[in-house]
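# What the coordinates show
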Amino acid sequence: MAENTLTTEAWTCAICLELLKEPVTVPCGHSFCSSCVQSHWDREESQPEYSCPECRQSFSPRPVLGRNIMLAALVEQMKEAGPTAPPVGDCVAAPGDVPCDVCSGRKLKAVHSCLQCLVSYCERHLQPHRDVAVLQKHQLVAPSDKLQEYLCSEHKEVKKMFCRSDQQLLCVVCCMDQHKGHDTVSSAAERAQRQTQLETRRQHLQETIRGSETGLRRLQEEAQAISRSAQDAVQRSGDDFTQMVVLLEKRRSEVEQQIRDQEKSELRRVQELQDQVQQDITQRKKTLSEMDTLLKTPDHNHFLQLLSDLPSHGQTTAVSTVPSQELHYFESVTTALSGLREKIQLSLNQSKAEVCTTLREVHTLLSSREGFLKYACDISLDPNTAHKNLSLSEGNRRVTYCSKEQRYPDHPDRFINLKQVLSREALTGRCYWEVEWSGTQWVSLAVAYRDINKPSACFGHDDRSWALDCYSTGYSYHFNGVTSKVSGPPSSRLGVFLDHSAGLLSFYSVKDQTLSLIHRVQTKFTQPLHVGVWINYDKHTMHFPQIKKH
């Protein structure tokens, strides 16, 4: 089954990986099933151009495809006759493989390329390089379809030499001609030296990664500790407020009950007085009626006899005169409760101020240099971004402006128009670094996204970089073309703290172990940040010292 699959690869659609059905050929020469390529281009409708699914060559407008009748007939013949298997151990070159240059007809997959022959060989055609003594000395490499790059375009010789003066590969004739007198070595010797350097850099990178991973674990542990502490504080504060609410509710119920009890007592007293007064009124009305009857009696003797029998009423029940306005019997209670409310409000305001102060203290734990050093990181500058008038030294931690251009190779990330450079490190999380600068004019310290427009971008003049200009007398801050004067004590040593996830960027002047805030930025960062330096005057320098992490 495996052999059968190998023989059909030449007749297989690179999209569906099945035998071609209604094959069509696109302008670049590759063939696909008609439905497969049409579906592929339907998904590219939003793009300005259409591309070949195999080689990615672009077409515009969308090609009109016709059925490849000859290829369709060959596929049908293959289905009827059955495939012919390739030699055992050989593999037909599939799309994306490097084909053997010696094979005729159907190409087998190359297993090696020869730098002397500039030819790629399958296992069968490579055999002479294994058997013939002269060919055994040839240098074999992994299959490559770019072998012409190993050939000198001028002398048609294999590039076996390396010019250290010009940092480029050469053929032997170039060494004796245009590069005569230059520091030239064999490419093998240069590779051996650079491999040693690369291994050293690799070890350093591994150590840096281990250190960063350790720092990351510490940050994760710190984040977890902060979350646990905050959750515990929220829980405790919730419990305390719940208890306070319960106490206040209990006190409210007690006060209401006291008021109601007092209300009943006072109403009972008033009712008793009402009953007494009503009884007095009834008795006096009865006596008044008897007096009226007596006054109408014509018999004098009878009048005198009845007069002595009339009841004698004493003093009336004392009743306070009710004023016309409403009585506020419980006003003293409400006054007392208002006083209690004011005391509680004052207490809550004081506790709120204490909580805010405590939270500020948590935030300002990093206000001292000692607190920042736990986030200290090393900064090294990237030579591939440095302007040619900037010289890097001390492990790329020091940059100096030089009137003489440096011999940097061409690189797409290099600043062309402005004397600027970016750091190698992509910064996320919390980071702190310091920089020392010297000069009589000014320098600019910045952070920027890696994809800032390298040839002409000016730090602080777009929305992808944030810059602080440093003078001997003060500072100015730039972002998106807007300049702001900022205050702060002049210093030749600056500290920068970045909290990437919080969108916080702070610049400090450093003197002894004291930090003084120059400017703080609160924004939202969408990409990792790189440190940037802009030096525009001769012999001005900026140095990123290594600081010990606590």
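Below: a short report on this structure. (Residues numbered from 1 in each chain as written. Predicted model: local features only at pLDDT ≥ 70, side-chain atom pairs only at ≥ 80, totals over all residues. Heavy atoms only, no water.)

## Comments concerning the overall build of the protein
Rules: To qualify as a helix, a DSSP run of H or I must reach at least 4 residues; to qualify as a strand, a run of E must reach at least 2; elements of each kind are numbered from the N terminus. Only protein chains enter the accessibility calculation, which uses a 1.4 Å probe; a residue is then buried when its area is under 20% of its type maximum, exposed when over 50%, and partly exposed in between. Between two residues, a contact is recorded if the distance between any of their heavy atoms is within 4.5 Å. Computed with the Shrake-Rupley method and a 1.4 Å probe, the accessible areas treat only the protein chains shown as cover for residues.
Counting secondary structure elements, the protein contains ten helices and 23 strands. Every one of the 550 residues in the protein was classed for burial, and the buried ones make up 30%. In the protein, once contacts between residues fewer than 6 apart in sequence are set aside, the share between residues at least 24 apart is 55%. When the accessible surface of the protein is split by element, carbon and sulfur atoms take 53% of a total near 35200 Å².

## Examining the pattern of salt bridges
Cut-off, in case you're wondering: For this analysis, a salt bridge means a side-chain nitrogen from Lys or Arg found within 4 Å of a carboxyl oxygen belonging to Asp or Glu.
Per the stated rule, a full pass over the model turns up 17 salt bridges. Between R430 and D499 there is a salt bridge, and its shortest N-O distance comes to 3.2 Å. In this pair, R430 sits in strand β14 (residues 430-438) while D499 sits in strand β19 (residues 493-499), placing the two residues 69 residues apart along the sequence. With a relative accessible area of 26%, R430 lands in the partly exposed category. Among the salt bridges present, the one from E436 reaches R493, with a minimum N-O distance of 2.3 Å. Of this pair, E436 sits in strand β14 while R493 sits in strand β19, and the two are 57 residues apart along the sequence. We classify E436 as partly exposed; its relative accessible area is 31%. The network of salt bridges with common partners includes R164, E190 and R194.

## Some details on the layout of surface pockets
Formally: The definitions used throughout rest on a 1 Å grid laid over the protein atoms alone, on which a cavity is an enclosed set of points accommodating a 1.4 Å probe that cannot get out and a pocket is an open set flanked by protein within 12 Å on both sides along at least five of seven lines; lining residues are those having an atom within 4 Å of a point. Grid points are joined across faces, edges and corners, and a volume is the space filled by probe spheres set on the points. Side-chain classes follow a simple rule in which Ala, Val, Leu, Ile, Met, Phe, Trp, Tyr, Cys and Pro form the nonpolar group, Asp, Glu, Lys and Arg form the charged group, and the remainder, Gly included, forms the polar group.
Here the largest pocket defines a volume of roughly 1600 Å³. If you trace the largest pocket, you find 42 residues lining it, with T208, S212, C377, D378 and E425 closest to the centre. Counting residues per element, the ones that place at least two in the lining of the largest pocket are α7 (187-295) and β14. Per-class residue counts for the lining of the largest pocket are 14 nonpolar, 15 polar and 13 charged.

## Concerning the packing of aromatic side chains
Convention followed: We call Phe, Tyr and Trp rings a pair once their centres come within 6.5 Å, taking the six-membered ring for Trp, and we label the pair stacked below 30 degrees between planes, edge-to-face above 60, and tilted otherwise.
Taken as a whole and judged by the stated rule, the model has twelve aromatic pairs. Ring geometry for W466 against F525: centres 5.1 Å apart, planes inclined by 85°, an arrangement best described as edge-to-face. With a gap of 59 residues between them, W466 in strand β16 (residues 465-471) and F525 in the loop between β21 (514-522) and β22 (529-535) connect regions that are remote in the sequence. One exposure class covers both W466 and F525, and it is buried. Joined through ring pairs, the aromatic side chains of F372, Y375, Y432, F497 and Y508 make up one cluster.

## Observations regarding the sheet that holds strand β6 (residues 119-121)
Within a sheet, neighbouring strands are paired by backbone hydrogen bonds and run either parallel or antiparallel to one another. Definition in use: Strands are labelled as partners when DSSP assigns at least two bridges between them.
On the basis of which strands lie adjacent, the open sheet formed by three strands has the order β6-β5-β7 and antiparallel pairing. If you trace the sheet from one side to the other, it starts and ends with β6 and β7 (140-141), each paired once. In this sheet, β6 lies alongside strand β5 (residues 112-114) in antiparallel orientation, the contact comprising three bridges. Note on β6: the bridge partner recorded for H112 is Y121.

## Quick word on the state of the cysteines
So the rule is basically this: Our working definition of a disulfide is a cysteine sulfur pair at a distance within 2.5 Å.
As enumerated under the stated definition, the model contains zero disulfides in all. Between C152, a free cysteine, and C174, which holds the nearest cysteine sulfur, the sulfur-to-sulfur gap is 3.7 Å.

## Looking at the nonpolar core
Let me state the cut-off plainly: Only buried Ala, Val, Leu, Ile, Met, Phe, Trp, Tyr and Cys residues count toward a nonpolar core, and they belong to the same one when joined by side-chain atoms within 4.5 Å.
Counting residues in each nonpolar core, the largest one holds 39 residues, and the members touching the most others are V399, W433, W466, L468, L505, M542 and F544. Residues contacting L505, with those up to four places away along its chain left out, are V447, W466, V496, F497, L498, H519, R520, V521 and F525. Residues C36, W41, Y50 and L71 belong to the second largest nonpolar core, which totals 14 residues.

## Looking at the pairing of strand β11 (residues 390-393)
Two elements, β11 and strand β12 (residues 398-401), share four bridges in a ladder whose sense is antiparallel. Pairing of S391 across the sheet is with T400, part of β12.

## What about helix α8 (residues 300-307)?
Stated formally: In the analysis that follows, any N or O atom pair within 3.5 Å is treated as a polar contact, provided that within protein one partner can donate a hydrogen and the other can accept it, and provided that, for residues neighboring in sequence, both atoms belong to side chains.
Judged by how many residues are buried, α8 sits mostly at the surface: zero of eight residues are covered. Measuring from the side-chain oxygen of the N-cap residue of α8 to the backbone nitrogen of N301 gives 3.0 Å; that N-cap residue is D299.

## Observations regarding the side chain of H179
Structurally, H179 can be placed in the loop between α6 (172-176) and β10 (184-186). Look past the residues within four positions of H179 in its chain and what remains in contact with it is C163, D166, Q168, L170, C174 and T184.

## Focus: the pairing of β16
Most of β16 is tucked away, with six of its seven residues classed as buried. As paired strands, strand β15 (residues 442-449) and β16 are joined by seven bridges and run antiparallel to one another. Looking at the pairing, W442 lines up with Y471 of β16. Relative to strand β17 (residues 475-479), β16 runs antiparallel, the two being bridged by five bridges. The residue bridging A467 from the neighbouring strand is H478, located in β17. In textbook terms, the turn of a hairpin is the stretch between consecutive antiparallel strands, and for β16 and β17 this stretch comprises three residues.

## Some details on the side chain of Q420
Structurally, Q420 is set in strand β13 (residues 420-422). Among the residues examined, Q420 registers a relative accessible area of 0% and is labelled buried. A polar atom in the side chain of Q420 sits 3.1 Å from the backbone nitrogen of F459.

## As for the environment of I416
Note that I416 resides in the loop between β12 and β13. It is 7.3 Å that separates the C-alpha atoms of I416 and K454, two residues lying 38 residues apart in sequence. Apart from residues no more than four positions distant in its own chain, I416 is found in contact with H387, K454 and P455.

## Comments concerning the sheet that holds β15
Quick note on the threshold: To define axes, lines are fitted to C-alpha atoms, for helices over the stretch in contact only, and angles between the resulting N-to-C directions are given on a 0 to 180 degree scale.
An order of β13-β22-β15-β16-β17-β18 is seen for the six strands of this open sheet, with the pairing classed as antiparallel. For this open sheet the edge positions go to β13 and β18 (482-486), each flanked by a neighbour on one side alone. Here the average twist between neighbouring strands, direction ignored, is 20°. The sheet contact formed by β13 and β22 spans three bridges and is antiparallel. Paired with V421 across the bridge in β22 is V533.

## Observations regarding a nonpolar patch on the surface
In plain terms, the rule: For patch detection, residues must exceed 30% relative accessible area and be free of salt bridges, and they are connected within 9 Å for like charges or within 5 Å for nonpolar side chains (Val, Leu, Ile, Met, Phe, Trp, Tyr).
Taken together, the side chains of F241, M244 and L348 present a nonpolar region at the surface, about 270 Å² in accessible area. Within the secondary structure, L348 is located in helix α9 (residues 331-363).

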